[in-house]
Amino acid sequence: EGRAPEEAVLPREGQLAMFMEGLATQEPMATDRHPAIGRLLNRAPAAIQQWIDQLDDRSWPVVYRHGDLAPWNVFSAADGKLSAIDWEYGSANGLGFMDFAYYLLQIAALIDRLPPIRAMEFASDFLTRSPWPALKRPHAQAITALAAYEAWSQAVADGDSPDEPLQR
């Protein structure tokens, strides 16, 4: 039997950035060769092409991807390092920054209760000033939109209604 922690604290941004940086599996790749982008395009090329186009001007990290990294899936281990649990949507060749964007969207939507557009702005703005290499605004907006789209499509694939308020 457990008890609620006396003080629940989200990991510091720099601490989470270091955790994310340690998830790289390969050298960065161009969008036309990146395995995660290829998977996304296979699912719904027309729906996401505008966001992929925003990413074409650079290479992107290939990382271990949690797939639904939220504050309740991250904890500080006994040695002080961050760890993540609940990897059922994980991948060994994900697109860097997607988990961070998803994490930020979860904070904005579920903890801060921001409306969807404000949640997207919060995550994008944060990624432009992140302690993990900051992204240019078009990149941050595209990564955030892709993270939201992937979360939505995964929830629908899991049987959730696409019209539930959180999914919209």
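Note: the structure precedes this text.
Fair warning: this is a prediction, and the values are worked out from it, not measured in the lab. (Residues numbered from 1 in each chain as written. Predicted model: local features only at pLDDT ≥ 70, side-chain atom pairs only at ≥ 80, totals over all residues. Heavy atoms only, no water.)

Brief notes about the packing of helix H4 (residues 98-111) against helix H6 (residues 137-157)
Let me state the cut-off plainly: The convention used is that axes are lines fitted to C-alpha atoms, helices contributing only their stretch in contact, and that angles between N-to-C directions extend from 0 to 180 degrees. Where helices and strands are cited, they refer to DSSP runs of H or I of at least four residues and of E of at least two residues respectively, numbered from the N terminus. Orientation is classified from the angle alone, with under 35 degrees giving roughly parallel, over 145 giving roughly antiparallel, 65 to 115 giving roughly perpendicular, and any other angle giving oblique. Note on contacts: a residue pair qualifies if any of its non-hydrogen atoms lie within 4.5 Å across the two residues. Here the term charged refers only to Asp, Glu, Lys and Arg, the term nonpolar to Ala, Val, Leu, Ile, Met, Phe, Trp, Tyr, Cys and Pro, and the term polar to all other amino acids, Gly among them.
Between H4 and H6, the shortest axis-to-axis distance is 8 Å and the interhelical angle comes to 75 degrees. Here H4 lies roughly perpendicular to H6, going by the angle between them. Contacts between H4 and H6 pair Met98, Ala101, Tyr102 and Leu105 from the former with Ile143, Thr144, Leu146, Ala147, Ala148, Glu150 and Ala151 from the latter. Here the contact of H4 with H6 is composed, by residue class, of 9 nonpolar, 1 polar and 1 charged.

Concerning the sheet that holds strand E5 (residues 91-95)
Rules: Two strands pair under a simple rule: DSSP has to find at least two bridges between them.
Read from one edge to the other, the open sheet built from 3 strands follows the order E1-E2-E5, with strand pairing classed as antiparallel. A single partner strand is all that each edge strand has here, and the edge strands are strand E1 (24-30) and E5. Here the strands of the sheet are splayed against their neighbours by 30 degrees on average, with no regard to which way each runs. When E1 meets strand E2 (residues 59-65), the two strands line up antiparallel, connected through 4 bridges. Each bridged residue has a counterpart across the sheet, and for alanine 24 the counterpart in E2 is valine 63.

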